Amino acid sequence: VRKAYHTLIFEIRSSDLIAILGKATLSICAELATKRVPTDDPENLCVFLVLFENPLLLAEHRTSLFPGFHRALQQLIAAVLSLPKDSQRLLFGWLKRLPSEYFGRAVEVVQQFVSFILTQPGQNRSD
């Protein structure tokens, strides 16, 4: 998955292809966030692992590559948090058994989301 993403984004470097991949990423994250993808079959949860590898959510210049990445991150994290507890346990179990570089990528996605939320106006006030 990582090699395919790398080839599509960094080797081919087609702005049209990157735009299509960005739209597909937003669409998948939206589908997951609205629970339109069944999570009763563990195989369906693999889509989360594929999304955590998406460099459009991780790249240094992600805003220039994929302006919608903040929305995709928000929807992806919402989808993970809305999974049934059994599905969350299974997904998190897979993540913790991954080699550290792959687990680190998933952690980086979550860090990107938290950083985005904390830098939004009105998020730093004490309640």
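Small disclaimer: the values here were computed from a predicted structure and weren't measured. (Residues numbered from 1 in each chain as written. Predicted model: local features only at pLDDT ≥ 70, side-chain atom pairs only at ≥ 80, totals over all residues. Heavy atoms only, no water.)

### Here's the deal with the pattern of salt bridges
Applying the stated criterion across every chain, the model contains 3 salt bridges. Between Arg2 and Glu101 there is a salt bridge; the shortest N-O distance is 2.6 Å. Of this pair, Arg2 sits in helix H1 (residues 2-11) while Glu101 sits in helix H7 (residues 100-118), and the two are 99 residues apart along the sequence. (Salt bridge = Lys/Arg side-chain N within 4 Å of Asp/Glu carboxyl O. Helix = DSSP H or I, 4+ residues; strand = E, 2+ residues; numbered from the N terminus.)

### Topic: unusual backbone geometry
Phi is positive for Arg13, close to 55 degrees, though the residue is something other than glycine. Residue placement: Arg13 occurs in the loop between H1 and helix H2 (15-33).

### A look at helix H6 (residues 85-97)
Compared with an ideal rise of 1.5 Å per residue, which puts 13 residues at 18 Å, H6 spans 18 Å between its outermost C-alpha atoms and is within 8% of the ideal. Along H6, the residues that are buried comprise Ser87, Gln88, Leu91, Gly93, Trp94 and Leu95. Of the surrounding elements, those touching the buried residues of H6 are helix H3 (46-52), helix H5 (69-82) and H7. (Expected span 1.5 Å × (residues − 1). Buried < 20%, exposed > 50% of the residue type's maximum accessible area, 1.4 Å probe, protein only. Contact = heavy atoms within 4.5 Å.)

### Structural notes on the nonpolar core
In this structure, Phe48, Phe52, Leu57, Phe66, Leu76 and Leu91 are the most contacted members of the largest nonpolar core, which totals 29 residues. For this core, the leading source of residues is H5, giving 7 residues. (Core = buried A, V, L, I, M, F, W, Y, C linked by side-chain atoms within 4.5 Å.)

### Considerations on the environment of Phe113
Tracing the backbone through its elements, the reader meets Phe113 in helix H7. The spacing of Phe113 and His70 is 43 residues in sequence and 7.2 Å in space, taken between C-alpha atoms. Excluding residues that lie within four positions of it along the chain, Phe113 makes contacts with Leu73, Gln74 and Ile77.

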